[in-house]
Each structure stands twice: as C-alpha cells, then as structure tokens.
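Per-entry structural report
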Amino acid sequence: MRKAYIAGNWKMNLTPSEGARYAAELAAAVKEAGVDCRVMIAPAFVAIPAVVEAVKGSPIIVAAQNMANHTSGAYTGEVAPAMLKDAGVKTVILGHSERRQYYGETDEIINSKVILALSEGMDVVLCVGETLDERQGGRLEEVLSRQIKVGLKDVSAEDMARITIAYEPVWAIGTGMTATPEDADGAHSFIRATVASLYSDDIAKNLIIQYGGSVKAGNIKALMAKENVDGALVGGASLSLEQFLPIITYNK
Ligand code: PEP
C-alpha cells in the first residue's frame, strides 16, 4: 500500500520569518485535522533552519529545493548535502523543471546530484516532465523515459526505496492549466512501467509518484482518485494555509 505524499515547493517565496510563522500554523493545523498523508514543505535555503525549528515535534518533513553535486569546496553560491543535514533536512527535490530550464541542469547533472544525495543518506524527489512542444510533438514517452533512465543511472534497487518521482508537465506549472486526471494517470503508469523495466515489478509497485502542475483544492480529489497518482508536488497553492490545508486534507 503506497502512503499518500503531498509536498509544497515554496520556490523563491517566503522569508525566514514568514516561512517560520506559516510552518508553525501548518504544524498545528496538521495535528488538529489529523492529517494522515505524508506532508513535506520545501522552503528557500535561508529559511530552512527557522522552518525546521517551527515544525519541531510535528510529522511535517522539511526538504530542500536543490543541492550541489559536490560535497564541499570552491563552488560559490552552492549548498552541500552535509550542510542541509546539519540544518535538519533529509530530503531534497532534484531536477525541477525550473532548474532544468533556467539553470541549465541536464539529466546527467541531476543524476550526479541524485547519486550524491543517496550516498549521503538523503531521500530524493526526482522531478520529470515534458514541455508543451514535446507533448504536442508526440515525444512524451521518449522524454520521460530519458529523464528517468539517466536521472536514475547507477541508483541501486535498495536505494529506490528512498526515491519519489514527481511527474510535472512543464506546461502545467504555474499556468493554471492542469493535466486531466486521466493524462496524469497515463503518464504515471508509463513511469511505473519504466521503473519496472529498469528494476522490478515490486519496486515499481511501491514507488510513490506525485503529480505536479497547478494542483489546487479544487482538483486534488480527482487526481488522488487515480490508481497511479500517489501524491502531489504543489507550488503556488502551497504558500498559504488557506490553500494548502484543503489539499492535504483532501480525504477528510
Ligand atoms: C511546482 O512548482 O512544482 C508546481 C507544480 O507549481 P504550481 O503548483 O504552481 O503549478
């Protein structure tokens, strides 16, 4: 049985004090509402210590939105896995389409980060997804297959227990356009089949696959009702309690 896993990617929003205030409210609301899915929030690097402190004692997972592909050294502006762990973070989002699109992260770079994160004992949310051009050009499966095969290169079967995949069609991120629940389920089913061919049916069956792309209170139920949708990676609607709480309580 796959446990639902809903994550909020705050991107470059919320200062440390704003983030800590909201995270404390969220922790109280999660307790009060008896939220039974796994909930993760990913603040900006500088807000991580304050947010970790604010959710202390709550089941909320605090993650990073990115990480360096080196352990230490002369990499100006980068943040190493050991720094994240020291700040209380054990989970990292890697390969987000904004990292691919604006910062030139290739599948190979993302793979080197995945391998490093796992070797440092961290959990990974690996983002994959096609652009509108790729989808309209009939290349959905080719793109997902490449992103998964290269992104997971040299990841052991054992370490797959620490990988979550987030399917985020680029054309649905921050645009208000959501893939239909059927579109999402179809892509997730293809991702699961790809993982089964790379590893085993058992590993694919246990893999958590989140959907991301304009997820909101109004569409979460229909998405989560699909067989292959195990959670969500939420951007804009994760930035306030008013919008995020109805998403993480979709089954209440
Ligand atoms: C995201 O940032 O991963 C995302 C899906 O954003 P939004 O929910 O705003 O579309």
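Structure: above.
For the structure given in this document, a descriptive report is provided here.

This next bit is on the sheet that holds strand S4 (residues 91-94). The sheet built from eight strands closes into a barrel, its strands ordered S1-S2-S3-S4-S5-S6-S7-S8 with parallel pairing. The average angle at which neighbouring strand axes cross in this sheet is 25°, direction not considered. Relative to strand S8 (residues 231-234), strand S1 (residues 5-9) is paired through four bridges, and the arrangement is parallel. Its bridge partner lying in S8, Tyr5 is registered against Gly231.

On to the site of the ligand, then. For the ligand, the set of nearby residues contains 14 residues, the closest of which are Lys11, Glu168, Gly174, Ser214 and Gly235. Lys11 is positioned such that a nitrogen or oxygen atom in its side chain is 2.7 Å from an oxygen atom of the ligand. Calculation on the ligand without its partners gives an accessible area of 290 Å², and the protein chains cover 95% of this total.

A pair of packed helices is characterised by two quantities: the angle between their axes and the separation of those axes. Contact pair helix H7 (residues 140-151) / helix H8 (residues 181-198): the axes reach a minimum separation of 10 Å and the direction vectors enclose 45°. In this view, H7 runs oblique relative to H8, as classed from their interaxial angle. Crossing geometry of H7 relative to H8 is assigned as right-handed. The residues of H8 that touch H7, namely those facing Glu141, Leu144, Ser145, Ile148 and Lys149, are Ala187, Phe190, Ile191, Thr194, Val195 and Leu198. The class makeup of the residues in the contact of H7 with H8 is seven nonpolar, two polar and two charged.

Quick look at the pattern of salt bridges now. Under the definition given, this model contains 17 salt bridges. In this structure, Glu120 engages Lys85 in a salt bridge whose closest nitrogen and oxygen atoms are separated by 3.3 Å. A residue pair is termed long-range when its members are at least 10 positions apart, and Glu120 in the loop between helix H5 (107-119) and strand S5 (123-128) and Lys85 in helix H3 (residues 81-86) qualify at 35 residues. With a relative accessible area of 34%, Lys85 lands in the partly exposed category.

What follows is about the pairing of S8. Burial along S8 is two-sided: Gly231 and Leu233 and Ala232 and Val234, pointing in opposite directions, are all buried. Bridging between strand S7 (residues 208-212) and S8 involves three bridges; their strand directions are parallel. Across the sheet, Gln210 pairs through a bridge with Gly231, a residue of S8.

This part takes up the packing of aromatic side chains. Tallied over the full model, the rule gives two aromatic pairs. Ring centres of Trp10 and Tyr22 lie 5.3 Å apart, and the angle between their planes is 25°; this geometry places the pair in the stacked category. Residue Trp10 is located in the loop between S1 and helix H1 (16-33), and its partner Tyr22 is located in helix H1; the two are separated by twelve residues in the primary sequence. Among the residues examined, Trp10 registers a relative accessible area of 0% and is labelled buried.

On to the environment of Cys37. Tracing the sequence through the fold places Cys37 in the loop between H1 and strand S2 (38-42). Exposure remark for Cys37: the relative accessible area of 9% places this residue in the buried category. Residues Cys37 and Glu108 lie 71 residues apart in sequence; the distance between their C-alpha atoms is 32 Å. The contacts of Cys37, once residues within four sequence positions are left out, are Lys3, Ala4, Ile6 and Ile248.

Taken residue by residue, helix H11 (residues 241-248) has Leu241, Phe244, Ile247 and Ile248 as its buried positions. For H11, the buried positions fall inside an angular range of 135° around the axis, keeping them on one side. Elements in contact with the buried residues of H11: S1, H1, S2, helix H10 (220-224) and S8.

All right, on to the packing of H5 against H7 then. Where H5 meets H7, the closest approach of the two axes is 8 Å, and the angle between their N-to-C directions is 40°. Relative to H7, H5 is oriented oblique. Note on packing geometry: the crossing formed by H5 with H7 is right-handed. Here Asp107, Glu108, Asn111 and Val114 of H5 come into contact with H7, specifically with Arg146, Gln147, Val150 and Gly151. Its residues assigned to classes, the contact of H5 with H7 comprises two nonpolar, three polar and three charged.

Turning to the environment of Met224, a few remarks are in order. Turning to its location among the elements, Met224 is positioned in helix H10. Residue class for Met224 comes out buried when judged on its relative accessible area of 12%. Along the sequence, Met224 and Val51 sit 173 residues apart, while their C-alpha atoms lie 27 Å from each other. Setting aside residues no more than four positions away along its own chain, Met224 makes contact with Ala4, Val229, Asp230, Gly231 and Tyr250.

Cut-offs used in this document
Residues numbered from 1 in each chain as written. Predicted model: local features only at pLDDT ≥ 70, side-chain atom pairs only at ≥ 80, totals over all residues. Heavy atoms only, no water. Pairing = 2+ DSSP bridges. Helix = DSSP H or I, 4+ residues; strand = E, 2+ residues; numbered from the N terminus. Axes fitted to C-alpha atoms, helices over the stretch in contact; angles between N-to-C directions. Near = heavy atom within 4 Å. Polar contact = N/O pair within 3.5 Å; in protein donor to acceptor, adjacent residues only side chain to side chain. Areas by Shrake-Rupley, 256 points an atom, 1.4 Å probe, with all protein chains shown as cover. Parallel < 35°, antiparallel > 145°, perpendicular 65-115°, else oblique. Left-handed = near helix turned anticlockwise from the far one by under 90°. Contact = heavy atoms within 4.5 Å. Nonpolar A, V, L, I, M, F, W, Y, C, P; charged D, E, K, R; others polar. Salt bridge = Lys/Arg side-chain N within 4 Å of Asp/Glu carboxyl O. Buried < 20%, exposed > 50% of the residue type's maximum accessible area, 1.4 Å probe, protein only. Phe/Tyr/Trp six-rings, centres within 6.5 Å; stacked < 30°, edge-to-face > 60°. Arc of directions from axis to C-beta.

From the geometry alone we can't say anything about function, so treat these as descriptive.
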